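If you want the building blocks of each chain, they are given just below.
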Amino acid sequence: MRTLKDVKIGETVNVTEDGIINVDADTLDLTDVLPLIPEDTMPEGVEILGGIVNDASVNIQKHGDDLKLSGSVKVQDGSVKVEQTDIDDINGKAVFNDSKILVDASAQANGQHADVNGSIRLDTDEIYLDLNASSDSFNPNAIMYLPAEGTASFTAHLTGTPSNPIVEADLYSPQIIYDNLSASNVSTHLKYQDNAVYLT
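Now for a look at the structure at hand. Nothing here was measured: the structure is a model prediction, and the numbers come from that model.

1. A word on the overall build of the protein chain
Counting secondary structure elements, the protein chain contains 1 helix and 12 strands. Its helices and strands taken in sequence order, the protein chain reads β-β-α-β-β-β-β-β-β-β-β-β-β from the N to the C terminus. Across the 200 residues in the protein chain, those meeting the buried criterion constitute 28%. Counting contacts in the protein chain only where the partners sit at least 6 residues apart, residues at least 24 apart contribute 35% of the total. On the protein chain, roughly 12,400 Å² of surface is accessible, and the fraction owed to carbon and sulfur atoms is 49%.

In structure tokens form, the structure reads like this:
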């Protein structure tokens, strides 16, 4: 089994007599640290795949069977899997504790790039998202099925759980193709809920 002594983090690890671990590091490779994190620490449906953490400040406390986490990190080239979706090229900052993560980052999923900020609740039965996202060029069909084709710029608000998300978005597309019809300079408001898409 790997221990903290096996991980080169270039900064400071303090372990107190009552089991509190404080980590302050300039640079951490997540592939070195992941084996040290207890399996039940991560929320169900979330798997950290890799990345580089810069300017990390993390406090870990164990109270009986409970593990309390808090801190902040800057992530470079991170990758995670949430449910069935791989999210990679994550770059940004996260501030967290054992119940919530606040994020301000850019990332891509299925080859589609977006900027994201908001919160991820961890203290619910299933992860609860409250995120704002935007992109200058995005193909929605790479993420969810839509009956039309085309790329769009958008701003969106995502709430709910990964298995039952609610998305409200304002989109602009220079061209949308539906069946054999084409429309140019399209602006619309989209709502996705209960596996249905509503356009207004």
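More follows now that the structure is in view.
2. Focus: the layout of surface pockets
Reported here for the second largest pocket is a volume of approximately 340 Å³. Taken together, 19 residues form the lining of the second largest pocket, with L146, A148, I176, T188 and L199 sitting closest to its centre. Those elements giving two or more residues to the lining of the second largest pocket turn out to be β10 (164–178), β11 (181–193) and β12 (196–199).

3. Comments concerning the pairing of strand β4 (residues 66–82)
Taken residue by residue, a regular strand's side chains alternate between the two faces of the sheet. Where strand β3 (residues 46–63) meets β4, 14 bridges bridge the pair, whose relative direction is antiparallel. Of the residues in β4, the one forming a bridge with N59 is S70. Connecting the antiparallel pair β3 and β4 is a turn made up of 2 residues, with G64 showing a positive phi of about 65 degrees. Pairing of β4 with strand β5 (residues 85–97), which is carried by 10 bridges, proceeds in the antiparallel orientation. Its bridge partner being in β5, V82 is matched across the sheet by T85. Counted between consecutive antiparallel strands, the loop separating β4 from β5 contains 2 residues, among which E83 sits at a positive phi close to 55 degrees.

4. Some points on the pairing of β12
Examined bridge by bridge, β11 and β12 share 4 bridges and lie antiparallel to one another. The residue bridging Y192 from the neighbouring strand is V197, located in β12. Where β11 hands over to β12, the hairpin turn is made up of 2 residues, of which D194 adopts a positive phi near 55 degrees.

Definitions and cut-offs
Starting from 1, residues in each chain are numbered consecutively following that chain's sequence as written. Selection of residues for local features in this predicted model requires a pLDDT of at least 70, selection of side-chain atom pairs for listing and counting requires 80 or more, and totals for whole chains, interfaces and linings are taken over all residues. Values reported for side chains reflect all heavy atoms of the structure, with hydrogen atoms and water molecules removed beforehand. Only DSSP runs of H or I reaching four residues or more are called helices, and only runs of E reaching two or more are called strands; each is numbered from the N terminus. The buried label goes to any residue with under 20% of its type's maximum accessible area, the exposed label to any with over 50%, and the partly exposed label to all in between, with areas taken from a 1.4 Å probe on protein chains only. Whether two residues are in contact is decided by their heavy atoms: any pair within 4.5 Å suffices. Working definition of accessibility: Shrake-Rupley area with a 1.4 Å probe, residue cover restricted to the visible protein chains. A cavity here means a set of points on a 1 Å grid, drawn over the protein atoms and nothing else, where a 1.4 Å probe fits but cannot get out; a pocket is an open set with protein on both sides within 12 Å along at least five of seven lines, and a residue lines either one if it has an atom within 4 Å of a point. Grid points are joined across faces, edges and corners, and a volume is the space filled by probe spheres set on the points. What makes two strands pair is DSSP finding at least two bridges between them.

These values are about where atoms sit, not about what they do.
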